[in-house]
Amino acid sequence: MANENTKMNIHWFPGHMAKARREISEKIKVVDIVIELVDARAPYSSKNPMIHEIIKNKPRFIILTKKDMADDQYTKQWVQYYEQCGYQAMSVNLKNFNEYQKIIEKCRYVLKDKMEKEKARGLKPRAMRAMVLGIPNVGKSTFINRLANRKATVTGNKPGVTKAQQIIRVAKDFELFDTPGVLWPKLDDAHVAQNIALLGSIKQSILPLDDLFIAAMRYLSLHYPQLLKDRYQLEIDLDNENWIIDTFDHIAKVRKIKPLKGETDYDRVMEVFFSEINDGSIGKITWEDPSCVNV
Ligand SMILES: Nc1nc2c(ncn2[C@@H]2O[C@H](COP(=O)(O)OP(=O)(O)OP(=O)(O)O)[C@@H](O)[C@H]2O)c(=O)[nH]1
Ligand SMILES: [Mg+2]
């Protein structure tokens, strides 16, 4: 069941990373604040590990997206965690999003001193400028569109911006780059790769699917046993040496998955499980909590 492309795909990322890094470093020069999107279901794994170097010491606002799919308790803890790290932080559901004002206000708050200093130095008043960064699929385009759709005007190529860039004016004093910076997670860390695959942010096939299935089931049985019970009437006993096979067989039975040549169709069981993880029908799940990381 392991995918032959595993290695190739993982090695494929650094090149993209270097290119993204160059592009972002160029743009970042004219940005006042970075809005970094992370996925609330894995707020550490879905961060780019080199972001400090890339954005240097620009103020950073961390937004946890997809909070509708994550565990509310953990989301709260993660927001607090990032606040304690010294960032602005909040969680959002971009499918039902009406917190533009709050976001702009937080940016104003962070940049107040900077803007006032500029004014005191006699510089012409100008809008704050923000850039959205995040790994693939975290919600960057949705976020920009949501923010921009609200009586936004695209002001076109602005002088003073190094490359021709589209800037969106979101409020009188707030502008946003219309293209987000795409970053990559640190996939050479097995734990991170696993979490990212479970978010659907990269092809699940970069990892052997059976390993991913086992890791996910182990985690769910420890953290969310009730969700497994509700969804599959499944109770996992990790001390039972046959728990893996039993789990496959059980889901096949509950979901009436036809056997293949008299054997459980393992691939089909995993397909069903992962698609239910991806569409959130198993429930609100977070794959990591702040106590287990040292950021
Ligand atoms: N449930 C839920 N889905 C979301 C949320 N935000 C984004 N999505 C969905 O996540 C998917 C990816 O969103 P995009 O905005 O395309 O993500 P992106 O970061 O621009 O992705 P790339 O362009 O591939 O880097 C879409 O199907 C969105 O509808 C959210 O808060 N909740
Ligand atoms: Mg996009």
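Residues numbered from 1 in each chain as written. Chains lettered and ligands numbered in written order. Predicted model: local features only at pLDDT ≥ 70, side-chain atom pairs only at ≥ 80, totals over all residues.

**Student:** Would you mind going over the overall build of the chain with me for this structure?
**Tutor:** Each helix and strand counted, the chain has 10 helices and 8 strands in total. By residue count, 34% of the 295 residues in the chain fall in the buried class. Look at the contacts in the chain between residues 6 or more apart in sequence, and 68% of them connect residues 24 or more apart. (Helix = DSSP H or I, 4+ residues; strand = E, 2+ residues; numbered from the N terminus. Buried ≥ 20, exposed ≤ 12 C-beta atoms within 10 Å, placed from the backbone. Contact = placed C-beta atoms within 7 Å.)

**Student:** What am I meant to see in the packing of helix H9 (residues 243-254) against helix H10 (residues 266-278) here?
**Tutor:** When two helices pack together, their arrangement is captured by the angle between the axes and the distance separating the axes. Running from amino to carboxyl end, H9 crosses H10 at an angle of 75°, the nearest separation of the two axes being 10 Å. By the angle between their directions, the pair H9 and H10 is classed as roughly perpendicular. Along the contact surface, H9 presents Phe248, Ile251 and Ala252, while H10 presents Tyr266, Val269, Val272 and Phe273. Considered class by class, the residues forming the contact of H9 with H10 number 7 nonpolar, no polar and no charged. (Axes fitted to C-alpha atoms, helices over the stretch in contact; angles between N-to-C directions. Parallel < 35°, antiparallel > 145°, perpendicular 65-115°, else oblique. Nonpolar A, V, L, I, M, F, W, Y, C, P; charged D, E, K, R; others polar.)

**Student:** I tried to follow the nonpolar core on my own but got confused; where do I start?
**Tutor:** In a soluble, globular protein the nonpolar side chains are often hidden away together inside. In terms of nonpolar packing, the biggest core is built from 43 residues, with Ile33, Ile35, Ala130 and Met131 touching the most fellow members. Those residues within four positions of Ile33 in sequence are excluded, and the remaining contacts are Lys58, Pro59, Phe61, Cys107, Val110, Leu111, Met128 and Ala130. If you look at the next biggest cluster of nonpolar residues, it comprises 26 residues, including Tyr44, Ala193, Leu212 and Met270. (Core = buried A, V, L, I, M, F, W, Y, C linked by C-beta atoms within 7 Å.)

**Student:** How do you make sense of the pairing of strand E2 (residues 60-65) when you look at a structure like this?
**Tutor:** Within a regular strand, side chains alternate between the sheet's two faces. E2 sits mainly inside the fold: 6 of its 6 residues count as buried. Of the two faces of E2, the one holding Arg60, Ile62 and Leu64 and the one holding Phe61, Ile63 and Thr65 are both buried throughout. Two elements, strand E1 (residues 33-39) and E2, share 6 bridges in a ladder whose sense is parallel. Of the residues in E2, the one forming a bridge with Asp39 is Thr65. In terms of strand pairing, E2 meets strand E3 (residues 88-91) through 4 bridges, oriented parallel. (Pairing = 2+ DSSP bridges.)

**Student:** Whenever I open this one, the site of ligand 1 confuses me. Can you help?
**Tutor:** Taken together, 17 residues surround ligand 1, and among them Leu94, Gly139, Lys140, Ser141 and Thr142 come closest. Of all the elements, helix H5 (residues 140-149) adds the most residues to the shell around ligand 1, at 3 residues. Taken together, the residues of the shell around ligand 1 sort by class into 6 nonpolar, 7 polar and 4 charged. (Near = placed C-beta within 6 Å.)

**Student:** Got a minute to help me understand unusual backbone geometry in this structure?
**Tutor:** Glycine aside, negative phi is the norm for most residues, and most peptide bonds take the trans geometry. One non-glycine residue, Gln233, lies in the positive phi region at around 50°. Mapped onto the elements of the fold, Gln233 is located in the loop between helix H8 (225-232) and H9. By the C-beta count within 10 Å, which is 11 here, Gln233 ends up exposed. The backbone of Lys256 shows a phi angle near 50°, a positive value even though the residue is not glycine. Looking at the element boundaries, Lys256 is found in the loop between H9 and H10.

**Student:** Hey, could you run me through the environment of Trp287 in this one?
**Tutor:** Here Trp287 is to be found in the segment after H10. Looking at Trp287, the number of C-beta atoms within 10 Å reads 26, which means it is buried. Residues Trp287 and Tyr219, spaced 68 residues apart in sequence, show a C-alpha to C-alpha distance of 7.8 Å. Among residues more than four places away in sequence, those in contact with Trp287 are Arg41, Ala42, Asn195, Leu198 and Tyr219.

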